[in-house]
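# Examining the three-dimensional arrangement
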Amino acid sequence: MPIADQMVKMVEGASMIRKMFEEGAKLKALHGPENVFDFSLGNPDVPSPPAFKKALRELANDESLSHGYMPSPGHPHVRQALADYISSEHGVNITADSIIMTVGAAGALNNILKALINPGEEILTPSPYFVGYNQYSFIAGAKLETAASDDNFHLDLHAIEAAISEKTRVMLINSPNNPTGAIYSSEELAGLGDILNQASQKFGRRIYLVSDEPYRKIAYDVDVPTIFQAYSHSIIVSSYSKELSLAGERIGYLIVHPDAEDAQLVYGAAAVANTMYCVNAPSMIQQVVAKVQGISVDVSIYRRRRDMLCEGLSEAGYEFNVPEGAFYLFPKSPIPDDIKFINRLKEELILAVPGVGFGAPGDFRLSYAVPDATISGSLKGFKRAIENI
Ligand SMILES: Cc1ncc(COP(=O)(O)O)c(C=O)c1O
């Protein structure tokens with residue numbers, strides 16, 4: 001094998017995803033893209049806010065704009081703007097030197113996991129979980145362990161407590177959640193904080209909480225509580241991929257809670273990892289997002305689509321939890337074999353992702369970051385699929 005042994009499995013995983021895309025592209029070429037209902041990708045399609053576009057134009061016209069290297073954690077004035085906003089949003093005094101600007105939330109996760117984990121140690125995450133966590137764990141040399149969520153896809157604190165071992169180094173949560181749309185309450189987070197404190201004491205080693213929050217601004221009448229109030233040994237990881245529809249621009253950040261155990265060491269190690277992986281996050285887009293703190297896309301568009309999809313699928317007889325945030329619906333497959341059901345949907349030219357990829361066989365994921373017409377056009381096919389399976 002010319003490639004590293006440990007990469008073989010990762011390449012196989014990637015080629016499965018590529019195959020799914022290729023099949024979708026083939027169906028679109030065959031039937032016309034407007035006749036294929038593609039719910040497989042979480043690619044934000046709501047326009048970026050006008051204020052973002054204005055800030056981008058102003059910056060491009062600024063003759064003093066420079067394009068050189070900068071300190072690896074990012075432009076100091078950008079981190080200061082973020083620190084001011086995050087301090088008010090999370091009610092904790094954050095300074096610019098707790099923040100690293102990163103290449104998306106993915107870059108932030110890679111940095112912090114590399115900083116915290118020795119090869120062979122464990123990350124614990126509730127399942128279902130975002131598929132990318134397999135890759136980030138792989139890069140960090142960590143083992144990804146899971147604790148099943150409860151029936152409503154919220155935290156099962158008993159399951160988490162039972163799954164923590166002396167090798168658990170990081171608890172990784174994601175709220176609003178991909179793929180379930182669940183938003184964890186402040187009571188759940190407080191309970192989690194207690195468990196992590198007790199387990200850290202029991203095993204004589206701090207377990208850090210990494211909270212992956214790129215969907216924080218996409219919530220439907222539900223508060224997204226801050227993890228910083230529940231557990232001080234935490235790191236927030238986020239990005240502008242969803243809240244400003246900037247997924248392709250690759251801009252995000254991580255914030256180490258100022259009162260976290262060994263906060264400076266953790267921050268320093270994450271900053272060095274950032275240097276090693278990417279030197280620094282892209283300069284121009286850092287400076288644009290600094291000017292539009294607190295602004296997000298029109299969430300009512302996602303809410304309308306959520307409601308259309310939930311209403312249509314409920315009438316057809318599907319069972320699901322109504323998502324509280326993000327832009328995914330995670331219904332139960334009408335038959336235990338979710339892959340078989342996904343293939344049945346494909347016969348209706350509907351593309352979805354099987355739950356097994358999220359550690360949740362028996363369910364499937366639909367992304368409603370799609371035009372309204374994709375939802376309305378798909379409903380008859382969803383009905384036929386559940387009636388005929
Ligand atoms: C839960 C979750 N975390 C992290 C990411 C990565 O986000 P980014 O594109 O900002 O790197 C995604 C992307 O879909 C996601 O869904």
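Attention in this report is confined to the structure presented alongside it. Note that this is a predicted model, so its numbers are computed, not measured. (Residues numbered from 1 in each chain as written. Predicted model: local features only at pLDDT ≥ 70, side-chain atom pairs only at ≥ 80, totals over all residues. Heavy atoms only, no water.)

### Topic: the side chain of S245
We apply this condition: In this text, helices come from DSSP runs of H or I with a minimum length of four residues, and strands from runs of E with a minimum of two, each type numbered from the N-terminal end. A 1.4 Å probe rolled over the protein chains alone gives each residue an accessible area, and that area as a share of the maximum for its type sets the label: buried under 20%, exposed over 50%, partly exposed in between. Residues count as neighbours in contact if any of their non-hydrogen atoms are within 4.5 Å of one another.
Its place among the elements puts S245 in the loop between β7 (234-239) and β8 (252-256). Given a relative accessible area of 15%, S245 falls into the buried group. Not counting the four nearest positions on each side in its chain, S245 is found in contact with P44, V46, S48, Y240, V297 and Y302.

### Considerations on the pairing of strand β5 (residues 168-174)
For clarity, the threshold we go by: Between any two strands, pairing holds if DSSP finds at least two bridges. Orienting the strands away from the viewer, one traces the path from the first strand over the helix to the second; a clockwise path indicates a right-handed crossover.
Most of β5 sits inside the fold, with 7 of its 7 residues counted as buried. Here β5 runs beside strand β6 (residues 208-212); their pairing, made up of 5 bridges, is parallel. Across the sheet, L172 pairs through a bridge with V210, a residue of β6. Handedness of the crossover joining β5 and β6 through helix α7 (residues 186-203): right-handed.

### A few points about the sheet that holds β7
Operational definition: Orientation is described by axes fitted as lines to C-alpha atoms, over the contacting stretch for helices, and by angles from 0 to 180 degrees between their N-to-C directions.
If you walk across this open sheet you meet the 7 strands as β2-β8-β7-β6-β5-β3-β4, and the pairing is mixed. Unpaired on one side and paired on the other, β2 (99-102) and β4 (143-148) mark the two borders of the sheet. Between one strand and the next, the sheet's axes are offset by a mean angle of 20°, whatever the strand orientation. Sheet topology note: the β2/β8 ladder contains 4 bridges and is antiparallel.

### Side note on the side chain of E243
For clarity, the threshold we go by: Note on charges: Lys and Arg go in the positive column, Asp and Glu in the negative column, and His and the chain ends are not counted at all. Salt bridges are defined by distance alone: a side-chain nitrogen of Lys or Arg within 4 Å of a carboxyl oxygen of Asp or Glu.
Looking at the secondary structure, you find E243 in the loop between β7 and β8. Despite its burial, E243 pairs with no opposite charge; the closest candidate is K217, at 4.3 Å N-O. Apart from residues lying up to four places away in sequence, E243 is in contact with P214, K217, I295, S296 and V297.

### A short note on the packing of aromatic side chains
The test is simple: When two rings of Phe, Tyr or Trp (its six-membered ring) have centres within 6.5 Å they constitute a pair, described as stacked for plane angles under 30 degrees, edge-to-face for angles over 60, and tilted for the intermediate range.
Summed over all chains, the structure comprises 16 aromatic pairs. When the ring of F341 is compared with that of F364, the centres are 5.5 Å apart and the planes differ by 55°; the resulting orientation is tilted. Taken together, the residues span a long stretch of sequence, with F341 in helix α11 (residues 338-347) and F364 in strand β12 (residues 364-367) at a distance of 23 residues. Per residue, the accessibility class of F341 equals that of F364, and both read buried.

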